[in-house]
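A structural walkthrough
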Amino acid sequence: MGKERIIAETGAGQHGTATAMAAAHLDMPCEIYMGETDIARQRPNVFRMRLNGSEVNPVTTGRGTLKEAISETMRDWAKTVENTHYVIGSVVGPHPFPAMVRDFQALISEEARRQAREKEKRLPDAVLACAGGGSNTMGAFHNFVPDESVDLYAVEAGGSSLSVDEEAGVAPNSASLSTGEEGVLHGARTRVLQDGDGQIMESHSVSAGLDYAGVGPELAHLVDTGRVDAVNVDDDGALESFHRLSQLEGVIPALETAHAFEYLEEHHDDLGEFVVVNVSGRGDKDLETVIEETAERDLSIAPDMALFREVGGGAL
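Conventions and cut-offs
- Residues numbered from 1 in each chain as written.
- Predicted model: local features only at pLDDT ≥ 70, side-chain atom pairs only at ≥ 80, totals over all residues.
- Heavy atoms only, no water.
- Buried < 20%, exposed > 50% of the residue type's maximum accessible area, 1.4 Å probe, protein only.
- Helix = DSSP H or I, 4+ residues; strand = E, 2+ residues; numbered from the N terminus.
- Pairing = 2+ DSSP bridges.
- Right-handed = clockwise from strand over helix to strand, strands pointing away.
- Axes fitted to C-alpha atoms, helices over the stretch in contact; angles between N-to-C directions.
- Phe/Tyr/Trp six-rings, centres within 6.5 Å; stacked < 30°, edge-to-face > 60°.
- 1 Å grid on protein atoms, 1.4 Å probe; cavity = no way out; pocket = protein on both sides within 12 Å on 5 of 7 lines; lining within 4 Å.
- Points joined across faces, edges and corners; volume = space filled by probe spheres on them.
- Nonpolar A, V, L, I, M, F, W, Y, C, P; charged D, E, K, R; others polar.

Each regular strand carries side chains that alternate between the two faces of the sheet. Among the six residues of strand 1 (residues 5–10), six are classified as buried, and the element is accordingly described as predominantly covered. Residue alternation in strand 1 divides its side chains into two sets, R5, I7 and E9 and I6, A8 and T10, and both sets are buried. Sheet topology places strand 1 next to strand 2 (residues 30–35); five bridges connect them, and they run parallel. In the strand pairing of strand 2, T10 is matched with M34. Since strand 1 and strand 2 lie parallel, the crossover through helix 1 (residues 14–26) that links them has a hand, and here it is right-handed.

Here it is, written out as structure tokens:
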């Protein structure tokens, strides 16, 4: 392509880390745009990106989360397209980005479908994946879409409430599929958290990777046509499942993934005997957030958070 420079956006830092690693391997300059809120709650991944030689540019506008990071990366790309390649991290943005990212991520459902037939001699009853922008969701769903016998569940971040405060311009959730309206965000017509005037609202989730005011257009279409069920799990539920999976399986899930596992915990009787949950990432990056958020909540499954407090200080 003849491009000499790489840029990318990142929310939870996973995509930014992968891009930084690739750029280091190719010996190419790389800049990652990341909201200042996400930089604060995803410090391990910020360190990894910088360790790989990439420049991490804090985005201070708005709430400083994924929406603002994408906007700033697109501004950069619009000015430098002749020598810069934008490695977008989700199934969002203008065509062909949603289709490109979906096709790359579709390896997930390709392998899951093949393994299901090999090991269980049948397809699963249901597939669950957490949904923010929707990259891991579309990856987990794509090769199952033609299989009408397989139920597909996109588990969104219900945040602290599914209500919307139009006057304040804030949605205390990131459930675009469940509570959003049709609109345009980052060059795609999709479902968006917006007020009555079409202004984009600020979203919220305890998980940085789900904290986005829109969703990929194909995923919105699949929900509109009834092929995918849009469901949601709140912050408390995600934190409960973060602890539960860690204790029962020894697997520390990303907070994003924990939303899908909590939906499985709450609705397993309705999902069938054979359910696939896409584990979209590990939760090492989320440990600081989980310590802080768990200390503020009365979660029955959490360990004694007094163990994490400084002696005599009471601060985390």
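Spatial strand order, 3-2-1-4: four strands in an open sheet with parallel pairing. Two strands bound the open sheet, and with one partner strand each, they are strand 3 (55–59) and strand 4 (84–86). If you compare each strand with its neighbour and ignore which way they point, the axes differ by 25° on average. Both strand 1 and strand 4 contribute to a ladder of three bridges, which runs parallel.

As enumerated under the stated definition, the model contains four aromatic pairs in all. Look at W77 and Y86: their rings are 5.8 Å apart centre to centre, the planes differ by 65°, and that puts the pair in the edge-to-face class. Residue class for W77 comes out partly exposed when judged on its relative accessible area of 25%. Here the aromatic rings of Y153 and Y263 are separated by 5.8 Å at their centres, their planes lie at 35°, and the arrangement is tilted. With Y153 in strand 6 (residues 151–159) and Y263 in helix 11 (residues 255–271), the pair connects residues that are 110 residues apart, well separated along the chain.

Turning our eyes to something else, we now look at the layout of surface pockets. Considered as a void within the structure, the largest pocket measures approximately 800 Å³ in volume. Contributing to the lining of the largest pocket are 36 residues, with H15, G89, S90, Q105 and S135 lying nearest its centre. Secondary structure elements with two or more residues in the lining of the largest pocket: strand 1, helix 1, strand 4, helix 5 (97–105) and helix 7 (135–141). If you tally residues by element for the lining of the largest pocket, the top one is helix 5, at five residues. The class makeup of the residues in the lining of the largest pocket is 14 nonpolar, 19 polar and three charged. Here the second largest pocket defines a volume of roughly 200 Å³. In this structure, the second largest pocket is lined by S241, R244, L245, L248, E249, V251, F261, L264, E265 and V279. Put simply, the parts of the chain that give the lining of the second largest pocket at least two residues each are helix 10 (235–249) and helix 11. Along the lines of polarity and charge, the residues of the lining of the second largest pocket split into six nonpolar, one polar and three charged.

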